[in-house]
Amino acid sequence: MEMDTTANERHAALKRKANDSINEILNFGQSSTSPQKRCKKAQRQKLRDIDAYKKIIKTYKAPLWYGCAVSPRDLADFGWACVKKNSVQCVECDQHLSTTLPNICKVSYNVYNCSLKEIHEKMVTAHRSTCKLRSGAPPFRLIEPTSKEIMDGIQNRLGECRTMNDEELQADIPSDVNLPKLDDVPPQFVFVSALGWQVSRLKRGSLLLGCDYCARELAHRSGNKFDPIHNHERWCPRIEMDEQGEPSWQTDLNIVLNAKNRISSRYADSAIFKEAFAARRLLDNSLSTIITPSII
Ligand SMILES: [Zn+2]
Ligand SMILES: [Zn+2]
């Protein structure tokens with residue numbers, strides 16, 4: 001009888017622990033979370049240091065960097081900044097790593113791929129054993145930004161656009177894209193800014209468009225059409241798709257335009273959410289039926 005009681009207590013403890021974990025998963029990303037709680041959660045989940053990322057990604061520029069099969073984004077994820085041609089250095093432990101790949105025209109596909117794989121492995125192993133960047137950076141969007149954070153970003157990037165007239169920058173807005181309306185700002189300027197581009201005047205008749213997430217900087221003739229989606233590097237976090245195939249800029253616009261409860265409804269439709277709810281129901285039932293009330 002005593003054995004039974006001990007086993008029941010152990011089961012109850014395990015189930016409570018499982019229930020707590022599931023509750024934690026289900027509460028993740030709920031828009032009702034208060035800013036304080038959100039902040040605490042952010043610290044616990046070790047959010048991405050965006051400023052550190054932007055600083056590193058800026059080092060991947062010609063003539064030091066002229067494109068390579070290894071993406072600067074992958075290298076930046078592990079703290080590697082470009083310091084000279086074909087050479088990157090960890091911003092934390094100062095170790096070096098060569099990014100030289102064999103000429104694809106002179107070696108077999110297999111040899112080339114092995115070299116590429118080796119560089120990817122070294123992104124982890126070439127750090128000093130104590131370096132905190134060995135484990136790589138957390139994802140960019142562990143937590144969705146708030147509507148205010150997104151709008152502040154758009155407003156800040158608009159900068160010099162506010163002094164431009166409607167014709168100076170043209171962009172086609174896809175018919176299925178809705179944009180927030182800003183007083184005295186033409187919609188194509190809002191679209192370009194929402195896509196992460198900062199616009200400034202370069203010289204008479206030309207503009208400079210820059211994205212600090214992929215470090216692209218493009219001189220653009222005033223009045224010409226600009227494509228704010230396809231001018232990013234292919235690996236740019238601004239155009240990264242989530243598991244539903246929605247790019248992050250579109251997710252941001254959706255957060256601004258609708259849906260206070262959008263995040264929770266989005267997760268509620270996902271398979272993992274349904275499974276978590278089913279598991280919790282099972283646990284709730286078993287806690288109330290199998291375990292005796294005195295133990296709970
Ligand atoms: Zn390191
Ligand atoms: Zn970009």
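Above: the structure in question.
Scope of this entry: the structure provided in the associated data block. Values in this document were obtained by computation on a predicted structure and should not be read as measured data.

**Describing the sheet that holds strand 4 (residues 198–203)**
Item 1. The strand order 4-5-6 describes an open sheet built from three strands, whose pairing is antiparallel. On the outer flanks of this sheet lie strand 4 and strand 6 (216–221), each paired with one strand and no other. The sheet shows a mean angle of 30 degrees between the axes of neighbouring strands, direction not considered.

**Describing the environment of Leu 179**
Item 1. Tracing the backbone through its elements, the reader meets Leu 179 in the loop between helix 6 (147–158) and helix 7 (187–194).
Item 2. Considering only alpha carbons, one finds Leu 179 and Leu 253, 74 residues apart in sequence, at a separation of 6.8 Å.
Item 3. Apart from residues lying up to four places away in sequence, Leu 179 is in contact with Ile 173, Pro 187, Val 190, Phe 191, Ala 194 and Leu 253.

**Structural notes on the packing of helix 6 against helix 8 (residues 248–257)**
Item 1. Look at helix 6 against helix 8: their axes get within 9 Å of each other, and the N-to-C directions meet at 115 degrees. Read as a crossing pair, helix 6 and helix 8 show a hand that is left-handed. Packed against helix 6, whose contacting residues are Ser 147, Ile 150 and Met 151, the element helix 8 presents Asp 252, Ile 255 and Val 256 at the interface.
Item 2. The residue makeup of the contact of helix 6 with helix 8, split by class, is four nonpolar, one polar and one charged.

**Considering the sheet that holds strand 3 (residues 96–98)**
Item 1. The strand order 1-2-3 describes an open sheet built from three strands, whose pairing is antiparallel. Since the sheet does not close on itself, it has two edges, and those belong to strand 1 (80–84) and strand 3, each with one partner. Taking each pair of neighbouring strands and ignoring which way they run, the sheet shows an average axis angle of 35 degrees.
Item 2. Relative to strand 3, strand 2 (residues 87–90) is paired through three bridges, and the arrangement is antiparallel. When the bridges of strand 3 are listed, Gln 89 appears paired with His 96.

**Section: unusual backbone geometry**
Item 1. Here Ala 62 and Pro 63 are connected by a cis peptide whose omega angle stands at 5 degrees.
Item 2. Residue placement: Pro 63 occurs in the loop between helix 3 (50–57) and helix 4 (72–77).
Item 3. Here the phi dihedral of Asn 86 falls at roughly 60 degrees; this positive angle occurs in a residue that is not glycine.
Item 4. Within the secondary structure layout, Asn 86 lies in the loop between strand 1 and strand 2.
Item 5. Looking at Asn 86, the number of C-beta atoms within 10 Å reads 14, which means it is partly exposed.
Item 6. One non-glycine residue, Asp 184, adopts positive backbone phi at about 60 degrees.
Item 7. With 6 C-beta atoms packed within 10 Å, Asp 184 lands in the exposed category.

Here is what the cut-offs are and how they apply
- Residues numbered from 1 in each chain as written.
- Chains lettered and ligands numbered in written order.
- Predicted model: local features only at pLDDT ≥ 70, side-chain atom pairs only at ≥ 80, totals over all residues.
- Pairing = 2+ DSSP bridges.
- Helix = DSSP H or I, 4+ residues; strand = E, 2+ residues; numbered from the N terminus.
- Axes fitted to C-alpha atoms, helices over the stretch in contact; angles between N-to-C directions.
- Contact = placed C-beta atoms within 7 Å.
- Left-handed = near helix turned anticlockwise from the far one by under 90°.
- Nonpolar A, V, L, I, M, F, W, Y, C, P; charged D, E, K, R; others polar.
- Buried ≥ 20, exposed ≤ 12 C-beta atoms within 10 Å, placed from the backbone.

Structural measurements only, silent on function.
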